[in-house]
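The lines below spell out each chain.
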Amino acid sequence: MPSAQEKAPIFEALLAHAQLDRTRFFVPGHKGGRGEAGFVGAAFGHDLAAIDLTELRGLDDLHAPGGVIAEAEELAAAAFGAARTHFLVNGSTAGVLAMIIAAVGPGDVVYVPRAMHRSLLGGLILSGARPVYLEARVDEPSGLPLPPEPGDLSRAARRVPGGRAAVVVDPTYHGLCSDLTAIGREAEVLGCRLLVDEAHGAHFGFSDRLPGRALSLGKVAASAQSLHKMGPSLTQGSLLHLGRGGLDPDRVRVALSIVQTSSPSYPLLASLDLARRFMVTAGNQVYGRLADLCRQTGERIAALAGARLLAASPLGRGSDPLKLTVVTGPAGGGLDLAHRLEAEGVEGELADERSALFVAGPGTSGADLDRLVEGLRRYFMDRRGGGGAGDATGRPPAPDGEARTARATDPADFPEQAATPREAFFAQAGRVALEESAGRIAAEAIVPAPPGVPVVVPGEVIDRRVVETLLRLRQTGRHCQGGGPGLSWIRVLT
């Protein structure tokens, strides 16, 4: 009988999945090195260990670049319109952490969205800054967060003046964009530096069929982009761009040396270099063609009885056509849709009770999109046959293009902040059952992943609404980071 030590569970699982007949509508953007992104497989199709090297003579040093890495970063800065670009091997998370701790310190006010990624929360813990939340809006049919609107930052500053920085997520996970030009003007008037979590927008600006990138739109001090999400680099390959003025480049460099590994992967660095070259030399053609295909696919999906696509905010600059969010309504449920399509070999990026997200990338083909539409056609046809063509009232979801119904939440209605995230992180804490946590102060984040947006933030008072949300997540089997197995308990201040 073979020894358990002869197994390699992760490697074996990866090989097994790679052999499946699956259409990939999830990140990374290279989709397994298919189609236009085939160069990824070609570049690393030989012995990967042969180029898994270290800081040898001629290979430079990521933390003190002066050779080939410095040259590659300069090429990337020119390609993306930055004053300085840093390669990231710990994902955009490292970029967000670095720009936060370079911009603000203990007690400083920073304006942030409540629907922030967990990386921003990590930056608040490391920096000790005090978060002041922007107004929040959600799309009523889907329950998904909408991007910030012009005026949100100014209203936050009137409530709590003196902010040193403001952070926006643009585009959102689902590809919705804000008016960064107007928001940048607000930040400039207020004297705070605008930082952009642009993890899902690395491809922006490489085709006129896509929205423009953050650095080209306004007074942006820094932005972090994941080239692996919507570009063709290997997973974790990301970039941190600095605008012209705003952040001290030496503080950023030191911050990156703290949050990034001291042993960076050279294959990962090489994939960033190759991805930049691909996006500059072929991006206009590839992304333009893909945007057209995805828009046509969106029209085909919207024509299906019972289906609706998430619409862009009228106050933003549109949305990413490569993100196809199908809103099912609460009766059908995005989870049901995702499970059905997965059984047919079509894997999406994420799903919740009311929607499912499908992400195209450089490795996506027209045949892939056809397969998605056909799977959706069968799904909604079956729902109609079962009398479930719409939401709980029997009405189909509103077609794309109708006036959006958004629900706004004033920051006063958010859970009470009894401590900053940093104070809560370092306070004494213990475990309590989830059902008994109402009224206690959270000591950790609870984060459905994906999308990585915390339901619970350290330092917040857990109210009954939050408990009900977590119980619903537990009941539906949503995977969450934080808390006990199956959300059985949560850490709170003692």
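Residues numbered from 1 in each chain as written. Predicted model: local features only at pLDDT ≥ 70, side-chain atom pairs only at ≥ 80, totals over all residues. Heavy atoms only, no water.

**Some remarks on the overall build of the protein chain**
Spelled out, the test is: Under the DSSP-based scheme used, a helix requires at least four consecutive residues in state H or I and a strand at least two consecutive residues in state E, with every element numbered from the N terminus. Using C-alpha atoms as the atom set, the radius of gyration is obtained and then compared with a globule rule of 2.2 Å times the number of residues to the power 0.38. Categorising residues by exposure relies on relative accessible area from a 1.4 Å probe, with only protein chains included: less than 20% of the type maximum marks a residue as buried, more than 50% marks it as exposed, and the intermediate range marks it as partly exposed. Throughout, a contact is declared for two residues whenever any of their heavy atoms are within 4.5 Å. Each accessible area is a Shrake-Rupley result for a 1.4 Å probe, and residues are judged covered by the shown protein chains and nothing else. All tallies of charge rest on Lys and Arg as positive and Asp and Glu as negative; His and the ends of each chain are not included. By convention, charge coordinates are those of NZ in Lys, CZ in Arg, CG in Asp, or CD in Glu.
For the protein chain, the helix and strand inventory stands at 14 helices and 19 strands. Whereas a compact globule of 494 residues would reach a radius of gyration of roughly 23 Å, the protein chain reaches 22 Å, a difference of no more than 12%. Reported as C-alpha extents along the three principal axes, the dimensions of the protein chain are approximately 65 × 60 × 55 Å. Expressed as a percentage of its 494 residues, the buried residues of the protein chain come to 53%. By sequence separation, contacts in the protein chain at least 24 residues apart represent 75% of the contacts at least 6 residues apart. Accessible surface computed for the protein chain: about 20,700 Å², of which carbon and sulfur atoms make up 53%. In the protein chain, the 51 positive side-chain charges and the 55 negative ones have mean positions that sit 2 Å from each other.

**Some thoughts on helix H5 (residues 118–127)**
Given 3.6 residues to a turn, an α-helix orients residues that are three or four positions apart in the same direction. Where burial is concerned, most of H5 is hidden: 8 out of the 10 residues are buried. Within the sequence span of H5, burial applies to Ser119, Leu120, Leu121, Gly122, Gly123, Leu124, Ile125 and Ser127. Positioned one or two residues after H5, Gly128 has a phi angle of 80°, which is positive.

**Quick look at the packing of helix H4 (residues 91–103) against H5**
We apply this condition: A fitted line through C-alpha atoms serves as each axis, taken over the contacting stretch for helices, and the angle formed by two N-to-C directions is quoted from 0 to 180°. Each crossing gets its hand from how the near helix is turned against the far one by less than a right angle, where anticlockwise is left-handed and clockwise is right-handed. Gly is put with the polar residues, along with every residue not named as nonpolar or charged; the nonpolar set is Ala, Val, Leu, Ile, Met, Phe, Trp, Tyr, Cys and Pro, and the charged set is Asp, Glu, Lys and Arg.
At a closest axis distance of 8 Å, the pairing of H4 and H5 adopts a crossing angle of 35°. When the axes of H4 and H5 are compared, the crossing they make is right-handed. Residues Thr93, Val96, Leu97, Ile100 and Ile101 of H4 form the contact with H5, whose participating residues are Ser119, Leu120, Gly122, Gly123, Leu124, Leu126 and Ser127. Taken together, the residues of the contact of H4 with H5 break down into 7 nonpolar, 5 polar and no charged.

**Quick notes on the sheet that holds strand S13 (residues 350–351)**
To be explicit about the condition: Pairing between two strands is assigned when DSSP locates at least 2 bridges connecting them.
Overall, antiparallel pairing links the 4 strands, which are arranged S10-S11-S14-S13 in an open sheet. At either margin of the open sheet sits one strand with a lone partner, and together these are strand S10 (308–309) and S13. Relative to strand S11 (residues 323–327), S10 runs antiparallel, the two being bridged by 2 bridges. Bridge pairing in S11 links Leu309 to Val326. Running at roughly 10° to S11, helix H10 (residues 266–302) makes contact with S10 and S11 of the sheet. Contacts between helix H11 (residues 334–343) and the sheet are confined to S11, S13 and strand S14 (355–359), with S14 contributing the most and set at about 45° to the helix.

**Overview of the pairing of strand S7 (residues 193–197)**
Put simply, the test is: With the strands aimed away from the viewer, a crossover counts as right-handed if its path from the first strand over the helix to the second runs clockwise.
Most of S7 sits inside the fold, with 4 of its 5 residues counted as buried. Alignment of strand S6 (residues 165–169) against S7, held across 5 bridges, turns out to be parallel. Within S7, the position partnered with Val169 by the bridge is Asp197. In terms of handedness, the path from S6 via helix H7 (residues 180–190) over to S7 forms a crossover that is right-handed. One ladder, built from 3 bridges, connects S7 with strand S8 (residues 222–226); its direction is parallel. Pairing of Val196 across the sheet is with Ser223, part of S8.

**Regarding the sheet that holds S7**
Ordered in space as S2-S9-S8-S7-S6-S3-S4, the 7 strands form an open sheet in which the pairing is mixed. Looking along the sheet, the strands with just one partner apiece sit at the ends: strand S2 (84–88) and strand S4 (130–133). Neighbouring strand axes in the sheet, compared pairwise and without regard to direction, differ in orientation by 20° on average. For S2 and strand S9 (residues 238–242), the ladder comprises 5 bridges, and the chain directions are antiparallel. Of the residues in S9, the one forming a bridge with Leu88 is Ser238. Contacts between helix H3 (residues 68–80) and the sheet are confined to S2, S8 and S9, with S2 contributing the most and set at about 120° to the helix. Across the sheet, helix H9 (residues 249–259) lies against S2 and S9, angled at about 160° from S9, the strand it touches most.

**Some details on the side chain of Gln225**
Mapped onto the secondary structure, Gln225 falls in strand S8. Residue classification places Gln225 among the buried positions, given a relative accessible area of 1%. With near-sequence residues (within four places) excluded, Gln225 lies in contact with Phe80, Ser92, Glu198, Ala199, Gly201, Ala202, Arg213, Ser238, Leu239 and His241.

**A short note on the packing of H11 against helix H12 (residues 366–385)**
Heads up, the rule is: For classification purposes, angles smaller than 35 degrees are called roughly parallel, those larger than 145 roughly antiparallel, those between 65 and 115 roughly perpendicular, and all remaining angles oblique.
Between H11 and H12, the least distance of the axes is 10 Å, while the angle of their chain directions is 125°. Taken as axis vectors, H11 and H12 run oblique relative to one another. In the crossing of H11 with H12, the sense of the turn from one axis to the other is right-handed. Where H11 abuts H12, its residues Asp336, Leu337, Arg340 and Leu341 lie against Leu372, Gly375, Leu376, Arg378, Tyr379 and Asp382. Tallied by class, residues from the contact of H11 with H12 come to 5 nonpolar, 1 polar and 4 charged.

**Description of the confidence of the model for the protein chain**
Here is the rule we go by: pLDDT measures how confident the predictor is about each residue, on a scale from 0 to 100.
When pLDDT is averaged across the protein chain, the result is 88; 91% of the residues are at 70 or more. This stretch, residues 387–403, has a pLDDT under 50; its non-local contacts, to residues over four places away or in other chains, come to 28 contacts.

**Some thoughts on the packing of aromatic side chains**
Heads up, the condition is: Pairing of aromatic rings covers Phe, Tyr and the six-membered ring of Trp, with a centre-to-centre limit of 6.5 Å; geometry is then stacked below 30 degrees between planes, edge-to-face above 60, and tilted otherwise. Two conditions define a charge located above a ring, namely a distance within 6 Å from the ring centre to NZ of Lys or CZ of Arg, and an angle within 35 degrees of the ring normal.
Using the criterion set out here, one finds 5 aromatic pairs in the structure. A ring pair is formed by Phe25 and Phe358, whose centres lie 6.3 Å apart and whose planes are at 85°; its orientation type is edge-to-face. One end of the pair, Phe25, is in strand S1 (residues 23–25); the other, Phe358, is in strand S14, and 333 residues separate them in sequence. The same class applies to Phe25 as to Phe358, namely buried. A centroid spacing of 5.0 Å and a plane angle of 85° characterise the contact between Phe425 and Phe426, whose relative ring orientation is edge-to-face. Taking relative accessible area as the criterion, Phe425 reaches 45% and is therefore assigned partly exposed. Sitting over the ring of Phe206, Arg213 keeps its end group 4.8 Å from the ring centre.

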